[in-house]
Amino acid sequence: MTETVAVSAGGPAECKSEGGSHQTVAGWRVICALVLIVCSASTAASAPKTLETATCKAFFERIAQADAIFGDMVPAFKFDVDPKDLPANPKITYSIGNARGLTGFVTCIKATDQMVVFQVDTSIDRDPVAEDVKVAARFLSTVSAATWAYTAWPKPKVQKVTSDLLKRGFAAAKKADLRGDDNPQGEASFEVSKTVDLRFWAGGGLTFMIDVSPDEGGS
């Protein structure tokens, strides 16, 4: 039987990009510029208290509340247990569903319910069309919502950290593109703690990850 956790979330992250004329960079710039429209569409709800433990249950509960903090730009996520998951596996993986244009997963330790990975991905074409812009808005909103759900930081800190992370990732991708890399990609990270990092990749698509060391956990 498939276990499903249905949630809704939201929240735009600022996205700005420096100038550039290459087709790939131009595509990202168009997406980012249009997504900026979403950044002001957020409500003024108060953030709940900081999580005592970074469990998957707590993460799912909090991301379901994220629309009250950031708005309605991300889908009503469903997290379905991977049908390939084996009972003997010490970890359980939930795939992201009900999110058109986005894919990804959440991995947890069964014994403790500790979240060890959250990842969301999308593929953006070099020449963005209207649907690409909508998908990019969902992606960037999910970056903010997931960061808030895991860290319980105040909204301004979430927006500041994620905006900087995205800008650094896009800047690195632009640099790789300008120097003529066959597959230009950019990467950026932010250290939440000694055991938790936020990671972002741009190039041939967009990927965001909350990466937690399973040895010591994270907070």
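Residues numbered from 1 in each chain as written. Predicted model: local features only at pLDDT ≥ 70, side-chain atom pairs only at ≥ 80, totals over all residues. Heavy atoms only, no water.

Trainee: I would appreciate a short explanation of the overall build of the protein chain in the present structure.
Mentor: Within the protein chain one finds 5 helices and 8 strands. Starting at the N terminus and ending at the C terminus, the protein chain contains elements arranged as β-α-α-α-β-β-β-β-α-α-β-β-β. Among the 219 residues that make up the protein chain, the fraction classed as buried is 50%. Sequence-distant contacts, at least 24 apart, represent 60% of the contacts inside the protein chain between residues at least 6 apart. For the protein chain, the computed accessible surface area is about 10500 Å², with 51% contributed by carbon and sulfur atoms. (Helix = DSSP H or I, 4+ residues; strand = E, 2+ residues; numbered from the N terminus. Buried < 20%, exposed > 50% of the residue type's maximum accessible area, 1.4 Å probe, protein only. Contact = heavy atoms within 4.5 Å. Areas by Shrake-Rupley, 256 points an atom, 1.4 Å probe, with all protein chains shown as cover.)

Trainee: Could you clarify how one ought to interpret the packing of aromatic side chains in this entry?
Mentor: In this description, an aromatic ring pair is defined by two values, namely the gap between the centres and the angle between the planes. Under the definition given, this model contains 9 aromatic pairs. Note on phenylalanine 70 and tryptophan 148: the rings are 6.3 Å apart at their centroids and 80° apart in plane angle, and the pair reads as edge-to-face. Highlighted residues: phenylalanine 70 in helix H3 (residues 67-70) and tryptophan 148 in helix H4 (residues 130-151), separated in sequence by 78 residues. Judged by relative accessible area, phenylalanine 70 falls into the buried class, the value being 0%. Site record: aromatic cluster; members linked through ring pairs are Phe59, Phe60, Phe77, Phe79, Tyr94 and Phe118. Between the NZ or CZ atom of arginine 62 and the centre of the ring of tryptophan 148, over which it lies, the distance is 4.1 Å. (Phe/Tyr/Trp six-rings, centres within 6.5 Å; stacked < 30°, edge-to-face > 60°. Lys NZ or Arg CZ within 6 Å of the ring centre and 35° of its normal.)

Trainee: Honestly, the environment of alanine 76 in this entry has me stumped. Any pointers?
Mentor: Topologically, alanine 76 is positioned in the loop between H3 and strand S2 (78-81). With 12 residues separating them along the chain, alanine 76 and alanine 64 place their C-alpha atoms 8.1 Å apart.

Trainee: Help me understand unusual backbone geometry, please; the structure alone is not making it clear to me.
Mentor: Leave glycine aside and you will find that most residues have negative phi; peptide bonds, for their part, are mostly trans. One non-glycine residue, asparagine 98, adopts positive backbone phi at about 60°. For asparagine 98, a relative accessible area of 49% gives the class partly exposed. Phi is positive for alanine 152, close to 60°, though the residue is something other than glycine. Structurally, the position occupied by alanine 152 is in the loop between H4 and helix H5 (155-178). Taking relative accessible area as the criterion, alanine 152 reaches 7% and is therefore assigned buried.

Trainee: What's the story with the nonpolar core in this structure? I'm lost.
Mentor: Soluble globular proteins: nonpolar side chains tend toward being buried together. The biggest cluster of nonpolar side chains holds 50 residues, and the ones touching the most others in it are Phe59, Phe79, Val106, Phe118, Phe139, Phe208 and Ile210. The contact partners of phenylalanine 118, leaving out residues within four places of it in the chain, are Phe59, Phe79, Ile96, Phe105, Val106, Thr142, Ala146, Phe208, Met209 and Ile210. (Core = buried A, V, L, I, M, F, W, Y, C linked by side-chain atoms within 4.5 Å.)

Trainee: What is the right way to read the state of the cysteines from this model?
Mentor: By definition, a disulfide links the sulfur atoms of two cysteine residues through a covalent bond. For the structure shown, the criterion picks out 1 disulfide. Two residues share a disulfide in this structure: cysteine 56 and cysteine 108, whose sulfurs sit 1.7 Å from each other. On the S-S bond that ties cysteine 56 to cysteine 108, the torsion sits near -95°, and the link is left-handed. Of this pair, cysteine 56 sits in helix H2 (residues 56-63) while cysteine 108 is found in strand S4 (residues 103-109), placing the two residues 52 residues apart along the sequence. Accessibility expressed as a relative area gives 1% for cysteine 56, which makes it buried. Residue classification places cysteine 108 among the buried positions, given a relative accessible area of 1%. (Disulfide = S-S within 2.5 Å.)

Trainee: Whenever I open this one, the side chain of aspartate 197 confuses me. Can you help?
Mentor: If you trace the backbone, aspartate 197 turns up in strand S7 (residues 196-202). For aspartate 197, the contacting residues outside a window of four places in its chain are Phe190, Glu191, Val192, Met209, Ile210 and Asp211.

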